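Residue-level listing of the chains:
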Amino acid sequence: MIRIVDIGMNHETAPVEVRELLSFGKEELDKAVRDIQAIKNIRESIVLSTCNRVEILFTTERVKEANQSVTTFLSRMSGIARDELKPFLYIYVDQDAIRHLFRVGASLDSMILGEPQILGQVKDAYRIAVDNKSSSVILNRLMHRTFSLAKRIRTETGIAGSAVSISFAAVELAKKIFGDLTGKGVLLIGAGEMAELAATYLLNNKAARILVTNRTFARAVELAEQFQGRGVRFDEIESQLLEVDIVIASAASPEPIISFDQVRRIMKGRRNRPLFFIDIAVPRNVESRVNEIGNVFVYDIDDLKGIINDNLSKRQAESLKAERMVDEEVIKFSEWLGTLEVVPTIRELQEKCGRIYQGELKKTLSSLKGLSAEQRKGIETMTKSIIKKLLNDPILFLKRKGERDSRDLYLDIARQLFNLDEEKKERDETP
């Protein structure tokens, strides 16, 4: 019987210093896929490698031997002895493996619940497997069901609907203040990862102008060009505050970069148009007193953390709906997989009945002389129909057995009742 197995480690089971030993680059990943597929007892396989997880998903008819081979492969690639590596690994089989993959694709198993990046990474892993011809009927269908389910969960639940990263929360807060960010001017102070993420979210929300300033001007220009914006020098900050609507500050600085006096001066030139500061730096880039100025709104990282914690709670509540959807899909996929496993027995049963039909029909027709062509065809049609109807209920019964234990039991009984194994053995031994 074909089994589905997932062997891997993630952020919950292994520290980063272990995970990074199995972090495959593009060329290494292609080679890993080929090496896994070359293992004797593996029929199909997919390798998923991200900063937070490494997983080998495969199908096999010999679970114990395949598991040993895959664990040996991971041990060799990481340079960690098998016995030392095993505590960091999880192994899921059949429905547990299917459920795990569905949860990974839907971001129910991510460090940040509902984060969108993992689905793209799963799709990339599948594309590499297809390119290397290591994925076939079973894993192809499993991956497509994973993608479809992830889309449904994001559409039908609120699991990804609330900000849970600092940069995303900052932009969501700006949207709440202004209602719509279309046409708004933004100044990013600092050009690190959080600023880069914020710029991405701002562009997605149709912000018009993105200005970037950084102590290293070249880095400011580099980030600005990435988002069709403009780099400005640190000493231009005050003049730029006259023009923009939103300031997102994330620069590393021991002292505030934006002062109370500075903002009070520029507000006269702005004619009191609202100015919105989101200070996600620690220590803070914006002097706390700035919030006392009329039409100036300052939010720091603690304000955003409150929003994030509330939103995480909302996502947790929505995850209950998502988990139910996962369970439903696991049942459906397992039922489909079960029909694959009964196919050989059904085919052998049909072939045996076909041989009996041909033999008995030949004897019968040879003993009935003088039949017209139409009468002979009528007898053939009738006997075929009888066989088809007799087989219909047993075949439907076998296809409906979704649970592995009962399916295996009834397959065994069916093969014994119709003596399929003995006949197959005799045919195989006949020269």
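Conventions used here
Residues numbered from 1 in each chain as written. Predicted model: local features only at pLDDT ≥ 70, side-chain atom pairs only at ≥ 80, totals over all residues. Heavy atoms only, no water. Pairing = 2+ DSSP bridges. Helix = DSSP H or I, 4+ residues; strand = E, 2+ residues; numbered from the N terminus. Axes fitted to C-alpha atoms, helices over the stretch in contact; angles between N-to-C directions. Contact = heavy atoms within 4.5 Å. Parallel < 35°, antiparallel > 145°, perpendicular 65-115°, else oblique. Nonpolar A, V, L, I, M, F, W, Y, C, P; charged D, E, K, R; others polar. Buried < 20%, exposed > 50% of the residue type's maximum accessible area, 1.4 Å probe, protein only.

Q: Looking at this structure, how should I read the sheet that holds strand 9 (residues 275–279)?
A: Backbone-to-backbone hydrogen bonds pair the strands of a sheet. The strands run either parallel or antiparallel. Read from one edge to the other, the open sheet built from six strands follows the order 7-6-5-8-9-10, with strand pairing classed as parallel. Lying at the two open borders of the sheet, with one neighbouring strand each, are strand 7 (230–232) and strand 10 (296–300). Neighbour to neighbour, the strand axes of the sheet diverge by 20° on average, direction disregarded. Judged from the four bridges that link them, strand 5 (residues 185–189) and strand 8 (residues 246–249) form a sheet pairing that is parallel. Within strand 8, the position partnered with Leu187 by the bridge is Val247. The strands that helix 9 (residues 193–204) touches are strand 5, strand 6 (209–213) and strand 8; relative to strand 5, the one it contacts most, it runs at about 170°. Taken strand by strand, helix 13 (residues 301–367) contacts strand 9 and strand 10, and its axis lies near 70° from that of strand 10.

Q: Quick question: what am I supposed to make of the packing of helix 8 (residues 166–178) against helix 13 here?
A: When two helices pack together, you describe them by how their axes are tilted relative to each other and by the distance separating the axes. For the pair helix 8 and helix 13, the least separation of the axes is 10 Å and the interaxial angle reads 95°. Judged by the angle between their axes, helix 8 and helix 13 are roughly perpendicular. Each of Ile166, Ala169, Ala170 and Leu173 in helix 8 lies in contact with helix 13, whose residues at this interface are Ile301, Leu304, Lys305, Ile307 and Ile308. Of the residues in the contact of helix 8 with helix 13, the class split is eight nonpolar, no polar and one charged.

Q: Is there a simple way to explain the pairing of strand 10 in this structure?
A: In regular strands, side chains alternate between the two faces of the sheet. Alternating residues of strand 10 divide into Val296, Val298 and Asp300, all buried, and Phe297 and Tyr299, none buried. Sheet topology places strand 9 next to strand 10; five bridges connect them, and they run parallel. Following the sheet pairing, Phe276 is matched in strand 10 by Phe297.

Q: How do you make sense of helix 5 (residues 95–105) when you look at a structure like this?
A: Structural remark: α-helix, 3.6 residues per turn; residues separated by three or four positions point the same way. Turning to helix 5, its buried residues are Ala97, Ile98, His100, Leu101, Phe102, Val104 and Gly105. Where helix 5 terminates, the next one or two residues include Ser107, which has phi positive at roughly 65°.

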